[in-house]
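Examination of the molecular architecture
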Amino acid sequence: MKIDVVTLFPGWFEWFTQQRHVQNAQVLGHELDFVDLRASTPLNAGQVDDTPYGGGAGMVMRVDVVEAALRERYGTAPPPHRTIALSPGGRRFDDALATELAAEPALTLLCGRYEGFDERVHEHLATDVVSIGPYVLSGGELAAMVVMDAVMRKLPGVLGHEDSALEESFSEALEGAPEYPHYTRPFDWRGHTVPDVLLSGDHARIREWRLERSRERGRS
């Protein structure tokens, strides 16, 4: 998989690229790169935004600036693969969408800033508009990290053990519910002990207990 992130702040992602599973992905041949919007802007002095038509506070990222970055990178705009604009008003990001995106050979993530993108970016330069939740961030960079983290964890071999991602929260194995509780040593902590079933050695009972706890969390 090849993932490009189009952003005003490529340096923000230095920490992300140092994470073990991200480095594992790169060793396996997956690519991650960052495109600086200011590097190709057709405007003077690195300008990327402008005041909104109709008035109002804040600035809007210009569609021609995003187009220029995409053409510089791919020779065409929109790119010839799935391109996601990150915005609070988009499709809610969930495990099913992460699985869907993990099957793509290439992704481009567009990080907004200020009041977001000119709507024509959503309509004509992106294939998808995606939101990581019903709240507002200062920009799309953190959202891009969330999407990349969830997607890259699903790539074979990235987590080191093939079974690591099978029974995670919201997975098919758990019927889309949150993951069950986990316990480890000490067995007795201030009078709070580990459920007996987990010490039984009966894997069928343990599996049923875990699935029922997962279902309970999903109902709450």
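Summary of the structure given here. Because the structure is a prediction, the values reported are computed rather than measured. The numbering scheme is per chain: residues are counted from 1 as the chain's sequence reads. For a predicted model such as this one, the threshold for reporting local features is a pLDDT of at least 70, and the threshold for listing and counting side-chain atom pairs is 80 or more; totals across whole chains, interfaces and linings nevertheless cover every residue. Only hydrogens and water are set aside when side-chain values are computed; all heavy atoms of the structure are taken into account.

Description of the overall build of the chain
To be explicit about the condition: The helix count covers DSSP runs of H or I at least four residues long, the strand count covers runs of E at least two residues long, and both are numbered beginning at the N terminus. Three exposure classes are used, based on accessible area relative to the maximum for each residue type with a 1.4 Å probe and protein chains only: buried under 20%, partly exposed in between, and exposed over 50%. Contacts are residue-level and defined by heavy atoms, with any inter-residue pair within 4.5 Å sufficient. Only the protein chains shown count as cover for residues, and all accessible areas are computed by the Shrake-Rupley method using a 1.4 Å probe. For the purpose of charge, His is not counted, nor are the chain termini; Lys and Arg are scored as positive and Asp and Glu as negative. Positions of charges follow a simple convention, taking NZ of Lys, CZ of Arg, CG of Asp or CD of Glu.
A tally of regular secondary structure across the chain gives 7 helices and 9 strands. With the principal axes as the frame, the chain shows a C-alpha extent of 70 × 40 × 30 Å. By the burial criterion, 40% of the 220 residues in the chain qualify as buried. Taking all contacts inside the chain whose residues are at least 6 apart in sequence as the whole, residues at least 24 apart take part in 71%. For the chain, the accessible area works out to roughly 12,400 Å², and carbon and sulfur atoms hold 51% of it. One finds the centroid of the 22 positive side-chain charges in the chain at a distance of 5 Å from the centroid of its 34 negative side-chain charges.

Remarks on the environment of Asp95
Among the secondary structure elements, Asp95 is positioned in helix α4 (residues 95–102). Taking C-alpha positions, Asp95 is 6.2 Å from Phe170, a pair spaced 75 residues apart along the chain. With sequence-adjacent residues up to four places away left out, Asp95 is seen in contact with Lys154, Ser169, Phe170 and Ser171.

Considerations on the packing of aromatic side chains
What counts is decided by this rule: Here the aromatic set is Phe, Tyr and Trp, taking the six-membered ring for Trp, and pairing holds for ring centres within 6.5 Å; pairs whose planes are under 30 degrees apart are stacked, those over 60 apart are edge-to-face, and all others are tilted.
On inspection of all chains with the given rule, the structure shows 2 aromatic pairs. When the ring of Phe13 is compared with that of Phe34, the centres are 4.8 Å apart and the planes differ by 20 degrees; the resulting orientation is stacked. Pair noted here: Phe13 is in the loop between β1 (2–7) and α1 (14–17) and Phe34 is in strand β2 (residues 31–36), with a separation of 21 residues, a long-range link. In this structure Phe13 comes out as buried when scored by relative accessible area, which is 0%.

What to know about helix α7 (residues 203–219)
The cut-off we apply is this: An expected span of 1.5 Å times one less than the residue number is assigned to each helix.
Here α7 is 17 residues long and its end C-alpha atoms lie 24 Å apart, about the 24 Å a rise of 1.5 Å per residue gives. Taken as a whole, α7 has its buried residues at Ile206, Trp209, Leu211, Arg213 and Ser214.

What about the sheet that holds strand β5 (residues 82–92)?
We apply this condition: Pairing between strands requires that DSSP locate at least two bridges from one strand to the other. All axes are obtained by fitting lines to C-alpha atoms, using only the stretch in contact for helices, and the reported angles, taken between N-to-C directions, cover 0 to 180 degrees.
With parallel pairing, 5 strands are arranged side by side in an open sheet as β2-β1-β6-β5-β7. This sheet does not close on itself; its edge strands, each paired only once, are β2 and β7 (128–131). Geometrically, the sheet is characterised by an average inter-axis angle of 30 degrees between neighbouring strands, direction not taken into account. Note: β1 against strand β6 (residues 106–111), 5 bridges, orientation parallel. Bridged to Val6 within β6 is Leu110. Packing against the sheet, helix α3 (residues 63–74) makes contact with β1, β2 and β6, and its axis sits at approximately 145 degrees to β1.

Observations concerning the environment of Ala106
Tracing the backbone through its elements, the reader meets Ala106 in strand β6. Ala106 gets classed as buried once you look at its relative accessible area, which sits at 14%. For the pair Ala106 and Val35, spaced 71 residues apart in the sequence, the C-alpha separation amounts to 15 Å. Setting aside residues no more than four positions away along its own chain, Ala106 makes contact with Lys2, His81 and Arg82.

A few points about α4
Counted only if it meets this: The arc in question is traced by the directions running from the helix axis to the C-beta atoms.
Here α4 has its buried residues at Leu97, Ala98, Leu101 and Ala102. Viewed along the axis of α4, the buried residues span an arc of 140 degrees, placing them on a single side of the element. Those residues of α4 hidden inside the fold are in contact with β5, β6, β7 and α6 (141–152).

Here we look at the nonpolar core
In globular proteins that are soluble, nonpolar side chains generally tend to be buried together. Counted only if it meets this: We define the nonpolar core as a collection of buried residues of types Ala, Val, Leu, Ile, Met, Phe, Trp, Tyr and Cys that are connected through side-chain atoms lying within 4.5 Å of one another.
Formed by 28 residues in total, the largest nonpolar core has its most connected members in Ile3, Val5, Leu86, Leu101, Leu109, Met148 and Met152. Counting residues in hydrophobic clusters, the runner-up holds 18 residues, among them Leu37, Val48, Val65 and Leu70.

Considering the pattern of salt bridges
In plain terms, the rule: Here, a salt bridge means any Lys or Arg side-chain nitrogen found within 4 Å of an Asp or Glu carboxyl oxygen.
Scanning the entire structure with this criterion turns up 18 salt bridges. The closest approach of N and O atoms between Arg73 and Asp33, which form a salt bridge, is 2.6 Å. One end of the pair, Arg73, is in helix α3; the other, Asp33, is in strand β2, and 40 residues separate them in sequence. Residue classification places Asp33 among the partly exposed positions, given a relative accessible area of 30%. With a closest N to O distance of 2.9 Å, Asp95 and Lys154 form a salt bridge. With a gap of 59 residues between them, Asp95 in helix α4 and Lys154 in the loop between α6 and β8 (188–189) connect regions that are remote in the sequence. Three or more residues are tied together by salt bridges with common partners; here these are Arg82, Arg91, Glu100, Glu104 and Asp128.

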